[in-house]
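Coordinate inspection notes
One-letter residues, chain by chain:
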Amino acid sequence: MATRLVQINMKAQDDSVLGRFWAEALGWSVDSEAPGVTNLEPVGFSYPDPVAVCIDIVARPEPKTVKNRVHLDLATTSTAHQAELVARLKDLGATLADVGQGDVPWTVMADPEGNEFCVLEPRPVYRDTGPIAAVVVDCTDPRAMARFWGEAMDWMPHEVTDDHATLRSAQGVGPYLEFLRTPDTKSGWNRVHLDVRPYPGDDLAEEEARLRALGATDPGIDQSTIPWRILADSEGNEFCLLTPR
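Below is a short write-up of the structure. (Residues numbered from 1 in each chain as written. Predicted model: local features only at pLDDT ≥ 70, side-chain atom pairs only at ≥ 80, totals over all residues. Heavy atoms only, no water.)

Quick look at helix α4 (residues 204-214)
When α4 is considered as a whole, its buried residues turn out to be L204, E207, E208 and L211. With its buried residues spanning 100° around the axis, α4 presents them on a single face. Opposite the packed face of α4, turned more than 90 degrees from it, sit the exposed residues A205 and A213. Turning to α4, the residues buried within the fold contact β1 (3-12), α3 (142-152), β13 (192-198), β14 (229-232) and β15 (238-241). One side-chain oxygen at the N-terminal end of α4 lies 3.1 Å from the backbone nitrogen of A205; it belongs to D203. Once α4 finishes, G215 follows within two positions and takes phi at roughly 125°, a positive value. (Buried < 20%, exposed > 50% of the residue type's maximum accessible area, 1.4 Å probe, protein only. Helix = DSSP H or I, 4+ residues; strand = E, 2+ residues; numbered from the N terminus. Arc of directions from axis to C-beta. Contact = heavy atoms within 4.5 Å. Polar contact = N/O pair within 3.5 Å; in protein donor to acceptor, adjacent residues only side chain to side chain.)

In structure tokens:
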């Protein structure tokens, strides 16, 4: 049994507006499975496929108040492409952001609802990831996070150090999942979180039990009305265990 990372869940005060921004930013298509939920995926994409990690944007009334612990890194192919992408994102409503990064070759930005993301300088490692180079999770212990998520999913570790850890789909396609050591700690619910899904034929309850045995915990909310499960990883980051598909 194993799961795989299938999508990123973002909370938004206006899911349709934020959905249009990210669809334009990534060149993806927009759909909606229900009022207050905007779904984004590559044009012609057959879900689920590790070639891309999709985005679900869900309406919530609470405004963003703290720096997100999960963000996206966008890939570029040249310094000219990086500059062009930054300019285009500004035209779409993104702004430059200062999270204490100092003088770095990448550009830190925020989307129209303040969610931080990075436009990376060209890096060979991301040449075949698609527009999203990596999903980045802030943490206090990258090694422990890589150990938990490497056992929770069928993704493979590529680099694990005290300061940074990287995983990617076992099929060697799509974006990376990266854990970055940061001095700050988690406070409150994450407005951006990971959604994982078991494979067809697997049992949701058995997979939940397996993840709990690895160290996943119960975030302490009523889940009686939803078909999926909400858990927290080894550092308390909420994630959703979706029904097998």
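Comments concerning empty space enclosed by the protein
Using the criterion set out here, one finds two cavities of 30 Å³ or more in the structure. Around the largest cavity sit V70, V137, W149, N190, V192, H193, L194, D233, N237, E238 and F239, which together line it. For the lining of the largest cavity, the secondary structure elements donating two or more residues are β13 and β15. With three residues, the single largest contributor to the lining of the largest cavity is β13. For the lining of the largest cavity, the class distribution of residues is six nonpolar, three polar and two charged. In this model, the second largest cavity occupies a volume close to 50 Å³. Among the secondary structure elements, those contributing two or more residues to the lining of the second largest cavity are β5 (70-74) and β8 (116-119). By residue number, the principal contributor to the lining of the second largest cavity is β5, which donates three residues. In terms of residue class, the lining of the second largest cavity is made up of six nonpolar, three polar and one charged. (1 Å grid on protein atoms, 1.4 Å probe; cavity = no way out; pocket = protein on both sides within 12 Å on 5 of 7 lines; lining within 4 Å. Points joined across faces, edges and corners; volume = space filled by probe spheres on them. Nonpolar A, V, L, I, M, F, W, Y, C, P; charged D, E, K, R; others polar.)

Some details on the sheet that holds strand β3 (residues 37-41)
Reading across the sheet, the seven strands line up as β2-β3-β4-β1-β13-β15-β14 and stay open at both edges, with mixed pairing between neighbours. The open sheet terminates on both sides in strands that have one partner only, identified here as β2 (29-34) and β14. Direction aside, neighbouring strands of the sheet carry axes that sit 30° apart on average. Note: β2 against β3, four bridges, orientation antiparallel. (Pairing = 2+ DSSP bridges. Axes fitted to C-alpha atoms, helices over the stretch in contact; angles between N-to-C directions.)

Some details on the layout of surface pockets
When its volume is computed, the largest pocket comes out at roughly 1200 Å³. Around the largest pocket, the lining comprises 50 residues; the ones closest to its centre are N9, K11, V58, H193 and C240. Residue assignment for the lining of the largest pocket shows that the elements contributing at least two residues are β1, β2, β3, β4 (54-59), β13 and β15. The wall of the second largest pocket is formed by 24 residues, among which H71, V99, W106, C118 and L180 lie closest to the centre. Of all elements in the fold, only β5, β8, β9 (132-139) and β12 (176-181) reach the threshold of two or more residues within the lining of the second largest pocket. Of all the elements, β8 adds the most residues to the lining of the second largest pocket, at three residues. Within the lining of the second largest pocket, the residues separate by chemical class into eleven nonpolar, six polar and seven charged.

Observations regarding helix α1 (residues 15-26)
With twelve residues, α1 should cover 16 Å at 1.5 Å per step; its first-to-last C-alpha distance of 16 Å lies within 8% of that length. Within the span of α1, buried status applies to D15, L18, G19, F21, W22, A23, A25 and L26. (Expected span 1.5 Å × (residues − 1).)

Comments concerning the sheet that holds strand β7 (residues 107-110)
If you walk across this open sheet you meet the eight strands as β6-β7-β8-β5-β9-β12-β11-β10, and the pairing is mixed. What marks the edges here is a single partner per strand, and that holds for β6 (95-96) and β10 (156-160). Looking at chain direction, β5 and β8 are connected through three bridges and run parallel. Looking across to β8, one finds that L72 is bridged to F117.

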